[in-house]
Amino acid sequence: MNFDLGIIFLLQTNSTVNMKKHNFNAGPCILPEPAIEATINAIRNFDNTGIGLLEISHRTPGWERVMAETEQLWRDLLNIPNEYAVMFLGGGASTQFFAVAANLLSKKAAYLETGVWAKKAVKEAKFYGEVEVVASSADKNFSYVPKGYKIPTDADYFHITTNNTIYGTEIKTDIDCPIKLVADMSSDIMSRPVDIKKYAMIYGGAQKNVGPAGVTFVIVRKDILGKIERKLPSMVDYRTHIGEEAKDNSMYNTPPVISIFVMHETLKWVKSLGGVAAMHKINNQKADLLYAEIDRNKMFVGTAAKEDRSIMNVCFVMAEQYKEKEADFMAFAKEKGMVGIKGHRSVGGFRASIYNACPIESVQALVDCMKEFEKKNA
Ligand SMILES: *Cc1c(COP(=O)(O)O)cnc(C)c1O
């Protein structure tokens, strides 16, 4: 009797609007609670100045310190050597699609086409020269990462998208590349240790794993810049954003201070947990937990090729015989506090984005939800 009452009580508290939400948004997405707290405080009173972060000059010493620390956090967490510049720019990863080509493409560039973002990168590069699409997984709706392709050695660079946010596939190792390797790491940066030396350049929007929208990170080996003949507008030329003095780094124009501040706090949080190796371990645990349930549960199937499964975006659909239950599961999951699990329209079904800041408790809650749904419906 008491037990039954307990269950009823639990169900009631679970259905209130204030219940804990499990945030699986694909981006912008969940951020670490301490980063949000610190940002709220800084907006009120930045660096004990009595003035808020949004209301100070970016030339004040307190802000220059945040910029320098943010760069140092990137260098420490990813072991970025001195011959690489680290920049924080505006415009999103989408701006880098053309900036990469503007700065590096003389004649021909090679691209791996693994999804919509990769296709957009190809489209923009074509404004500046010839683009060879080395391999594509478009034939199977980008559900795998092509393998066994040949990288042309006469291309200026080879561009890859390491994590395909929409399709849940990922290049999980640092590939060997005979020419300059350029990677869009928007949605898996800081999720695992990266051998920076294998890349000529890495870039991405911050809003998947390292902060909010509004800031774009660019890591580039300095010696590859200034090798093209075309003239570039100042803002497009990476060299504009790399100053000899730290205060000039990414401060040619007004940087997106609020986004950089949140990134600074997010990286401090990553560091406090043990850095990217520790994040990688937790990320693998979270991904294993969810994929194991997808494979076990007879109502769901994963959409990505098993060997290419992303540890950041987990895509799944209803199994064929349960297709008509999709809306039911969506409603059931919503009732349980799951947010942002609707799959991208080009894949359908569901996508759980389990970035660094997504706690394993949320992944467990989703797994429990899938189990319960199976019990009730299968
Ligand atoms: C989100 C995303 C982008 C687009 O980033 P914006 O900052 O919105 O331009 C590009 N590439 C990948 C892999 C992404 O996940």
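Please read all numbers here as calculations on a predicted model, not as lab measurements. (Residues numbered from 1 in each chain as written. Predicted model: local features only at pLDDT ≥ 70, side-chain atom pairs only at ≥ 80, totals over all residues. Heavy atoms only, no water.)

## A look at the nonpolar core
Residues Trp 63, Trp 74, Phe 158 and Phe 329 are the most contacted members of the largest nonpolar core, which totals 85 residues. Summarising the domain contributions, this core has at least three residues from each of domain 1 (36-272) and domain 2 (275-377). If we ignore the near neighbours within four places in the chain, the residues touching Trp 74 are Asn 79, Ile 80, Val 86, Phe 88, Ile 189, Met 190, Val 210, Phe 217, Ile 219, Met 263 and Leu 267. Counting 27 residues, the second-largest nonpolar core is a separate cluster that includes Leu 89, Ala 109, Val 131 and Tyr 157. (Core = buried A, V, L, I, M, F, W, Y, C linked by side-chain atoms within 4.5 Å. Buried < 20%, exposed > 50% of the residue type's maximum accessible area, 1.4 Å probe, protein only. Domains from an automatic or database assignment. Contact = heavy atoms within 4.5 Å.)

## Remarks on the site of the ligand
Taken together, 14 residues surround the ligand, and among them Ser 94, Thr 165, Asp 184, Gln 207 and Lys 208 come closest. The side chain of Thr 165 places a nitrogen or oxygen atom 2.4 Å from an oxygen atom of the ligand. Alone, the ligand offers 390 Å² of accessible surface; in the complex the protein occludes 88% of this. Of all the elements, helix H4 (residues 92-104) adds the most residues to the shell around the ligand, at 4 residues. In the shell around the ligand, the residues fall into 3 nonpolar, 9 polar and 2 charged. (Near = heavy atom within 4 Å. Polar contact = N/O pair within 3.5 Å; in protein donor to acceptor, adjacent residues only side chain to side chain. Areas by Shrake-Rupley, 256 points an atom, 1.4 Å probe, with all protein chains shown as cover. Helix = DSSP H or I, 4+ residues; strand = E, 2+ residues; numbered from the N terminus. Nonpolar A, V, L, I, M, F, W, Y, C, P; charged D, E, K, R; others polar.)

## Observations regarding the pairing of strand E9 (residues 201-205)
Taking burial as the measure, the 5 residues of E9 include 5 buried ones, the bulk of the element. Burial of E9 is two-sided: the residues Met 201, Tyr 203 and Gly 205 facing one way and the residues Ile 202 and Gly 204 facing the other way are all buried. As paired elements, strand E8 (residues 181-184) and E9 share 3 bridges and run parallel to each other. Bridge pairing links Ala 183 to Ile 202 in E9. In this structure, E9 lies alongside strand E10 (residues 216-221), joined through 5 bridges in antiparallel fashion. Pairing of Ile 202 across the sheet is with Ile 219, part of E10. (Pairing = 2+ DSSP bridges.)

## Here we look at the environment of Thr 169
Relative to the elements of secondary structure, Thr 169 occurs in strand E7 (residues 169-170). On the basis of relative accessibility, which here comes to 0%, the residue Thr 169 falls in the buried class. In sequence terms Thr 169 and Thr 240 are 71 residues apart; their C-alpha atoms lie 34 Å from each other. Residue contacts for Thr 169: discarding those within four places in its chain leaves Phe 142, Ser 143, Tyr 144, Val 145, Thr 162, Asn 163, Asn 164, Ala 304, Asp 308 and Ser 310.

## Examining the domain arrangement of the protein
Per the domain assignment, the segments of the protein are domain 1 (36-272) and domain 2 (275-377). Each of domain 1 and domain 2 was reduced to a C-alpha centroid, and the two centroids are 28 Å apart. Of the residues lining the interface, 26 residues belong to domain 1; the matching set on domain 2 comes to 25 residues. The largest share of the area that domain 1 buries against domain 2 comes from Ile 166, Gly 168 and Ser 191, three residues that together contribute 22% of it. Taken together, the links from domain 1 to domain 2 amount to 1 salt bridge. (Buried area = accessible area lost by both parts, 1.4 Å probe. Salt bridge = Lys/Arg side-chain N within 4 Å of Asp/Glu carboxyl O.)

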